[in-house]
Amino acid sequence: MARMKAVLLLNGPNLNLLGKRNPDVYGTKTLAEIERMVHEHAREKGCACICRQSNHEGELIDMIHAADGSYQGIVYNPGAHAHYSYAIRDAIEAVSIPVVEVHISDIHAREAFRAISVIEDVCVASVCGKGPQGYIEAFDMLLEFM
């Protein structure tokens with residue numbers, strides 16, 4: 001019997017505050033609601049989806065490392081780490097599984113410091129500015145690389 005594909009849904013710093021942090025930018029859905037939405041979508045696609053969030057860079061790096069060999073891919077919203085964390089970039093580059101970057105807001109249309117993602121070039125795809133639905137789009141893109 002074939003093993004079910006498993007995806008890690010990883011969320012970085014401050015995303016635990018979704019629903020109350022800048023709702024005009026990030027919307028009113030909570031992280032738990034987004035995780036439920038992606039989990040249900042994954043089940044419909046015949047995949048398992050494990051959700052994790054951390055505000056700590058080192059913990060996120062450890063999760064990326066541990067995902068290699070345990071999951072077939074990662075959907076990752078790195079939050080602000082996208083703009084400066086070369087350590088997270090190196091972790092993504094070091095693993096052999098595909099990673100799709102996702103951002104709720106359009107990082108290219110916000111403050112200048114948010115317009116650059118240092119992880120974009122080591123991810124197989126990037127989705128931004130589509131709100132919570134972007135997670136579903138990112139998940140479906142990831143399936144193409146698994």
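From a predicted model like this one, the values you see are computed outputs, not experimental measurements.

A few words on helix α3 (residues 57–67). Think of an α-helix as 3.6 residues a turn; residues three or four steps apart then line up on the same face. For α3, the complete set of buried residues consists of L60, I61, M63, I64 and A67. Around the axis of α3, the buried residues are gathered within 160 degrees of arc, so they sit on the same side. Of the surrounding elements, those touching the buried residues of α3 are β1 (5–11), β2 (47–53), β3 (73–77) and α4 (86–94).

This part takes up the pattern of salt bridges. Applying the stated rule across the entire model yields five salt bridges. The closest approach of N and O atoms between E93 and R89, which form a salt bridge, is 3.3 Å. Here E93 and its partner R89 are both found in helix α4, four residues apart, which amounts to about one turn of the helix. Looking at R89, the relative accessible area reads 17%, which means it is buried. In this structure, the salt-bridge partner of E137 is K130, at a minimum N-O distance of 3.0 Å. Note on E137: relative accessible area 29%, which makes it partly exposed. Judged by relative accessible area, which is 44%, K130 ranks as partly exposed. Among the charged side chains, a network of salt bridges with common partners joins R89, E93 and D121.

Turning to the environment of R21, a few remarks are in order. Assignment of secondary structure puts R21 in the loop between β1 and α1 (23–26). Given the relative accessible area of 26%, R21 is considered partly exposed. Each C-alpha atom, one on R21 and one on Q53, is 16 Å from the other, the two residues being 32 residues apart in sequence. Leaving out residues up to four positions away in the same chain, R21 has contacts with N14, Y26 and R114.

The rules behind each value
- Residues numbered from 1 in each chain as written.
- Predicted model: local features only at pLDDT ≥ 70, side-chain atom pairs only at ≥ 80, totals over all residues.
- Heavy atoms only, no water.
- Buried < 20%, exposed > 50% of the residue type's maximum accessible area, 1.4 Å probe, protein only.
- Helix = DSSP H or I, 4+ residues; strand = E, 2+ residues; numbered from the N terminus.
- Arc of directions from axis to C-beta.
- Contact = heavy atoms within 4.5 Å.
- Salt bridge = Lys/Arg side-chain N within 4 Å of Asp/Glu carboxyl O.

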